[in-house]
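Geometric and topological summary
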Amino acid sequence: MKRFIFAILVLSMLLVGCGQTNESAAEFDIADWDSVLVAANGQTVNWYMWGGSDSINAYVDNFYGVALKERYNITLNRVPVADAADYINQVLSEKEAGVKNGAVDLMWINGENFFTLKQAEMLYPDWAQAIPNSVLVDWDNPAINRDFGEPVDNLESPWSSAQFQFIYDSARMDADSLPRSYADLAVWACGHPGRFTYIASGPGAFQGTRFVKGALFEISGDAAQWGTIDEALWDEWSPKVWDYFNEFKSCLWREGETYPKDEYELHSLFANNEVDFSITQAIVGAGALIDEGLVPETSRAFVFDNYMIGDFNYVAIPSNASNKAAALVLANLILEPEFQAAQVLPENGFGLGFGIDVTRVSDPAQVAVLEEALQNLGEAATPAEDMAKSLVGDAASPYQAMVEEGWRENVLIGQ
Amino acid sequence: MKPSNLKLALHLAPTLGILLILLGASLAYGLAQSLGYLTIIGEKELSLSAYQNLISGQGTAGREFWVSLGFSLWISLASTILSTIGALFLATLLNRRPSRIDTFALNWNLAFPHLVWGVLMLLLLSQSGLLARWAGAFGIINTPADFPVLVRDRFGFGIILTYIGKEVPFLTLVTLALLRTQSEGYLLVAENLGANAWQRFRLVTLPLVRPALLSGALLVFAYIFGAYEVPALLGVRYPRTLPVLALEAFTNPDLHARAEGMAISLIIALIVLVIAGLARAKEGIQE
């Protein structure tokens, strides 16, 4: 009988737990920023982000965490998660369960997750261009107002920028012998059988997809034409891209039988001297990875002469977030020029580029800080002029799935 | 119902109730999603298109369904058969010299999760793993690529090896438990009647342990068929096992792919249930 009562107790606790709701958040009007600050005062902001890098975690806590507390009396609760898909699922499950006061206040997301949440209509709308520091963001830039080609629609605000780059080990190779185009790369790979591989293109592995897109750009000779969806253009060029990849498949690591599934698997192959190149998106190149001990200290970043896709990454607020005001304050804080300057410096551990447009910053002192940061990206970074010369925007969003499907069908599985 | 049965049922009711609610709700929810009932994107119309995609080999996950099914069956069958044979011989061997050390060693292995065992295999056997480094240090190989591909290989050898390492001790314990409760008499009588070692094994030991070993093997098969972590860790990008394929479809950025992921999960569940039912029936016969 005791056990029966116990079971009833457990069950009722479960039910109570499900039905529990938090106090409703204080009212605010986003047009009146002071009202946001008042509402955010004393709140805890639950920031869900990928937590796989100790140096990024420390950067977030030491810079944003401290500033939020001191300036706005907001407590930062950084929730480290293994994979962005996990908190996307948390938000989606909350929607299905009808939870009004969600656990997630702010999320660090990329274009794939953004697409998912936009599709599920779970993003808090009409705020990204309303926060004070959004004047520093170049919203006319297609690389900013589209995320993986998908219109941002005022649903997310940029944090930082990134660009596709390769990593090599300067102790193993001369900078002069590096391939500088996809055509070069195929020649290099077959001259060094088994020493090159790339991340498998597919959902959750955007770096691999981006690598394939770069080949599409180079082979078709133009990146800009892929900014809008065009089936005929795709049918014309995609078979040539699959031919390109299939032609040097047998020269790859494990003869293209399998591919690393994410950048960490590739970093480890590179560090273990199984392959000679890795891939990164960081503005500091290999710098942050060297500090984490993931790649050799002599690692350096480089780019091809053209078609290196660059883009921005963003923060978004779920529509059922419990502490929206605090989330807005945090999203605004990360755009402050002082933190934008801090995030690019390799010693601070974040290592991604500016989310803001430096030319929109009016205070000369702040401009100086930003420009000085750019001068101090470290020797493991790709030279700035190389980056700028090779930078192209992403293709329109439907190409993401088309590239992934096509690569799987024609290259991974093959005929 | 006898009073003792009624009491038993009452005692079990809370646990069973919670289990049935949780499991039943998940199954119903999974079934609904597999039929395209995806409220998160406002899809409420039921259809069998996810299942059609799988059977016709089309769609996000469906494209790989048949290959994955074959791969899953290969991994599960090979691991189960090899583990069973290994366990049979190990148990026969250990039964002749009873000691506490062997059962301790076997139990010790059970304490490790499959995932830990998988990571161990990866660190040991990959082309830049510990063994490859030793081989390199002794000059047997020159580059990591010279080391044979034992994990993350197209045929799933690394996965099968991991499962054998985990399931042989498990099945050995099951078999030993049975053997050690039998009297030594059968074997002694057979030996006195002039049976050699092979005859004693075939005519005495094997019939004794077969029912338990068989139902144990079916459980192992069902477990491996539905397991995610080892094939995710030690598998290649293609072909993939069904659980790996199902989770990828479930976490696909396009929420429409969830229906196929759920359909695969339900097919896995169905196959596992059939196998578990077989194991149960075997145990029934044994009793």
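Refer to the preceding data block for the structure.
As a starting point, this report considers the structure included with it. In this text the structure is predicted, and so the values were computed from the model without any measurement. (Residues numbered from 1 in each chain as written. Chains lettered and ligands numbered in written order. Predicted model: local features only at pLDDT ≥ 70, side-chain atom pairs only at ≥ 80, totals over all residues.)

Interfaces are often sized by the amount of accessible area the parts lose when they come together. Facing the 28 residues of chain A at the interface are 20 residues of chain B. If you list the elements that add at least two residues to the side of chain A that touches chain B, you get helix H1 (2-19), helix H4 (84-97), helix H5 (111-119) and helix H16 (398-413) of chain A. For the side of chain A that touches chain B, the leading source of residues is H5 of chain A, giving 5 residues. Of the residues contributing to the side of chain A that touches chain B, the split by class is 12 nonpolar, 8 polar and 8 charged. (Contact = placed C-beta atoms within 7 Å. Helix = DSSP H or I, 4+ residues; strand = E, 2+ residues; numbered from the N terminus. Nonpolar A, V, L, I, M, F, W, Y, C, P; charged D, E, K, R; others polar.)

Attention now goes to unusual backbone geometry. With an omega dihedral of 0 degrees, the bond running from Tyr238 of chain B to Pro239 of chain B counts as a cis peptide bond. On the secondary structure map, Pro239 of chain B appears in the loop between helix H10 (229-234) and helix H11 (242-250). Here Asn73 of chain A, not a glycine, exhibits a phi torsion of approximately 55 degrees, which is positive. With respect to the secondary-structure elements, Asn73 of chain A resides in the loop between helix H3 (54-72) and strand S2 (75-81).

This paragraph deals with the sheet that holds strand S8 (residues 278-280) of chain A. Residue and element names in this part refer to chain A. Strand order in this open sheet of 3 strands is S8-S7-S9, and the pairing throughout is antiparallel. Looking along the sheet, the strands with just one partner apiece sit at the ends: S8 and strand S9 (299-302). The average undirected angle you get between the axes of adjacent strands in this sheet is 40 degrees. Judged from the 4 bridges that link them, strand S7 (residues 165-169) and S9 form a sheet pairing that is antiparallel. Looking at the pairing, Ile167 lines up with Ala301 of S9. The strands touched by helix H10 (residues 263-271) within the sheet are S7 and S8, with S8 carrying the most contacts at an inclination of about 135 degrees. (Pairing = 2+ DSSP bridges. Axes fitted to C-alpha atoms, helices over the stretch in contact; angles between N-to-C directions.)

Looking now at the packing of helix H5 (residues 114-125) of chain B against helix H7 (residues 157-181) of chain B. All names here are of chain B. Relative orientation of the contacting elements H5 and H7 amounts to 125 degrees, with a least axis distance of 10 Å. Comparing their axes, H7 and H5 come out oblique. Judged by the sense of rotation from one axis to the other, the crossing of H5 with H7 is right-handed. The segment H5 lies against H7, with His114, Trp117, Gly118, Met121 and Leu125 engaging Gly158, Leu161, Thr162, Gly165 and Lys166. Looking at the contact of H5 with H7 residue by residue, the class counts come to 4 nonpolar, 5 polar and 1 charged. (Parallel < 35°, antiparallel > 145°, perpendicular 65-115°, else oblique. Left-handed = near helix turned anticlockwise from the far one by under 90°.)

Without other data, these values stay purely geometric and don't point to any function.
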